[in-house]
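Chain and residue survey
The lines below spell out each chain.
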Amino acid sequence: MTKPAYKRVLLKLSGEALMGDDAYGINRATIDRMVADVAAVARLGVELAIVIGGGNIFRGVAPGAQGMDRATADYMGMLATVMNSLALADAMRHVGITARVMSAISIEQVVEPYVRPKALQYLEEGKVVVFAAGTGNPFFTTDTAAALRGAEISAEIVLKATKVDGVYSADPNKDASATRYTTISFDDAISQQLEVMDATAFALCRDQKLPIKVFSIVKPGALMRVIMGDDEGTLVHV
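Residues numbered from 1 in each chain as written. Predicted model: local features only at pLDDT ≥ 70, side-chain atom pairs only at ≥ 80, totals over all residues. Heavy atoms only, no water.

1. Quick look at the nonpolar core
Test applied: The term nonpolar core refers to a set of buried residues drawn from Ala, Val, Leu, Ile, Met, Phe, Trp, Tyr and Cys, joined through side-chain atoms within 4.5 Å. The cut-offs for exposure are 20% and 50% of the maximum accessible area for each residue type, with area from a 1.4 Å probe on protein chains only; residues under the lower value are buried, those over the upper are exposed, and the others partly exposed. For helices the rule is a DSSP run of H or I covering at least 4 residues; for strands it is a run of E covering at least 2, with both sets numbered from the N terminus onward.
Leu11, Leu13, Ile50, Leu88, Met92, Leu159 and Phe215 are the most contacted members of the largest nonpolar core, which totals 43 residues. Of all the elements in the fold, those that place two or more residues in this core are strand S1 (8-13), helix H1 (28-42), strand S2 (47-52), helix H3 (70-94), strand S3 (99-103), strand S5 (128-132), strand S6 (157-162) and helix H8 (222-227). In this structure, Leu120, Val129, Val158 and Val236 belong to the second largest nonpolar core, which totals 31 residues.

Below, the structure written as structure tokens:
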């Protein structure tokens, strides 16, 4: 097998990706398949950190959150990401991969707090680091957390796993003529109003010259092809 194209990466998973075909929650078959893909990458010696969202859990309580204070709802979402992170780490344990969950909010009885030097140590030891609770602040998305943590750990690239296999010129579900970009610059993505990540995360990646690869997590073998540098998804770069 040829050498991986990246030594250290930050993988951003949406909480919704864990639902599979369920309405909310964690689909066991789906998380097992994702963990198998992650494990295959980790066994290549790639240093891998993960940021995961909480939409799959928060969606189940969203009707009751209507009219709720935004900051309170955001903290609920952060706790949902901790639940997902624990599930992900446990699933990795079952396939022989050591994972460490680090939370941006203090829940020391459950997971250890995020400390940058400790996270770097874990990565250098070959452990998968799962960053939970977003940035620890309301009004910031897990996309922003992924950009922030990616910059902090000096990741070579942020891998944004979605349900679509890249960035398109238009919504491929609505426009049959939409074409997938192999590469696109940050400036072009902004000028075309392509929704790659939320604006704060996108600006941070651009300013830090941290490229983003958008690819489909539901496409078999896509994560490995991205890691190996194959033509998969869309590369957003300076």
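2. What about the packing of aromatic side chains?
As a reminder, the rule being used: Geometry of aromatic contacts follows a simple scheme: Phe, Tyr and Trp rings, the Trp one being its six-membered ring, pair when their centres are within 6.5 Å, and the pair is stacked under 30 degrees between planes, edge-to-face over 60, tilted otherwise. Cation placement over rings: the criterion is NZ of Lys or CZ of Arg within 6 Å of the ring centroid and within 35° of the ring normal.
Within the structure shown, the criterion is met by two aromatic pairs. Arranged with centres 5.4 Å apart and planes meeting at 90°, the rings of Tyr114 and Phe131 form a pair that is edge-to-face. Here Tyr114 is found in the loop between strand S4 (112-113) and helix H4 (116-124), whereas its partner Phe131 is found in strand S5, with 17 residues between them in sequence. When sorted by exposure, Tyr114 lands in the same class as Phe131, which is buried. Ring geometry for Phe186 and Phe202: centres 5.0 Å apart, planes at 65°, overall edge-to-face. Of the two residues, Phe186 is situated in helix H6 (residues 186-191) and Phe202 in helix H7 (residues 199-207); the sequence distance between them amounts to 16 residues. It is Arg100 that lies over the ring of Tyr122; its NZ or CZ is 5.6 Å from the centre. Across from the ring centre of Phe131, 5.9 Å away, lies the NZ or CZ of Arg149, which sits over that ring.

3. What to know about empty space enclosed by the protein
Any space left empty among the atoms is revealed by the rolling of a water-sized probe across them. As a reminder of what qualifies: Buriedness of a pocket was judged along seven lines, with at least five required to meet protein on both sides within 12 Å; pockets are open sets of points on a 1 Å grid over the protein atoms alone, cavities are sets where a 1.4 Å probe fits but cannot get out, and lining residues have an atom within 4 Å of a point. Grid points are joined across faces, edges and corners, and a volume is the space filled by probe spheres set on the points. Here the nonpolar group is Ala, Val, Leu, Ile, Met, Phe, Trp, Tyr, Cys and Pro; Asp, Glu, Lys and Arg are the charged ones; every other residue, Gly included, is treated as polar.
According to the stated counting rule, one finds one cavity of 30 Å³ or more in the structure shown. What the largest cavity holds in volume is close to 30 Å³. In terms of lining, the largest cavity is formed by Ala42, Val46, Glu47, Leu48, Leu123, Gly126, Lys127 and Val128. Of the residues contributing to the lining of the largest cavity, the split by class is five nonpolar, one polar and two charged.

4. Section: the packing of helix H5 (residues 142-152) against H7
Our working definition: Throughout, an axis means a line fitted to C-alpha atoms (over the contacting stretch in the case of helices), and angles, computed between N-to-C directions, take values from 0 to 180 degrees. Here is the rule for angles: anything less than 35 degrees is roughly parallel, anything more than 145 is roughly antiparallel, 65 through 115 is roughly perpendicular, and the remaining ranges are oblique. When the near helix sits turned anticlockwise from the far one by under a right angle, the crossing is termed left-handed; a clockwise turn instead gives a right-handed crossing. Should any heavy atoms of two residues lie within 4.5 Å, those residues are counted as being in contact.
As a packed pair, H5 and H7 sit with axes 7 Å apart at the nearest point and diverge in direction by 15°. One way to sum up the angle between H5 and H7 is to call them roughly parallel. Seen along the crossing, H5 lies across H7 with a hand that is left-handed. For the pair H5 and H7, contact is made by Asp143, Thr144, Ala147 and Leu148 and by Thr200, Ala201, Leu204 and Cys205, respectively. Taken together, the residues of the contact of H5 with H7 break down into five nonpolar, two polar and one charged.

5. Here's the deal with the environment of Ala17
Along the chain, Ala17 falls in the loop between S1 and H1. It is 20 Å that separates the C-alpha atoms of Ala17 and His94, two residues lying 77 residues apart in sequence. Dropping the residues within four chain positions of it, Ala17 is found in contact with Thr30, Met34 and Ile217.

6. Notes on the side chain of Thr162
Its location among the elements puts Thr162 in strand S6. Assessed through its relative accessible area of 18%, Thr162 is described here as buried. Apart from residues no more than four positions distant in its own chain, Thr162 is found in contact with Val214, Phe215, Ser216, Ile217 and Val218.

7. What to know about H5
Owing to its 3.6 residues per turn, the α-helix brings residues three or four apart onto one side. In terms of residue burial, H5 counts as a mostly covered element, since eight of its eleven residues are buried. Those residues of H5 that fall on the buried side of the exposure criterion are Thr142, Asp143, Thr144, Ala145, Ala146, Ala147, Arg149 and Gly150. Looking at the buried positions of H5, the neighbouring elements they touch are S1, S2, H3, S5, S6 and H7. The positive-phi residue at the C-terminal boundary of H5 is Ser154, with phi of around 60°.

8. Topic: unusual backbone geometry
Negative phi is the rule for most residues except glycine; trans is the rule for most peptide bonds. At Phe139, a residue that is not glycine, the phi angle is positive and equals roughly 75°. Relative to the helices and strands, Phe139 resides in the loop between S5 and H5. In this structure, Gln193 is a non-glycine residue whose phi angle is positive, near 55°. On the secondary structure map, Gln193 appears in the loop between H6 and H7. A relative accessible area of 70% means that Gln193 is categorised as exposed.

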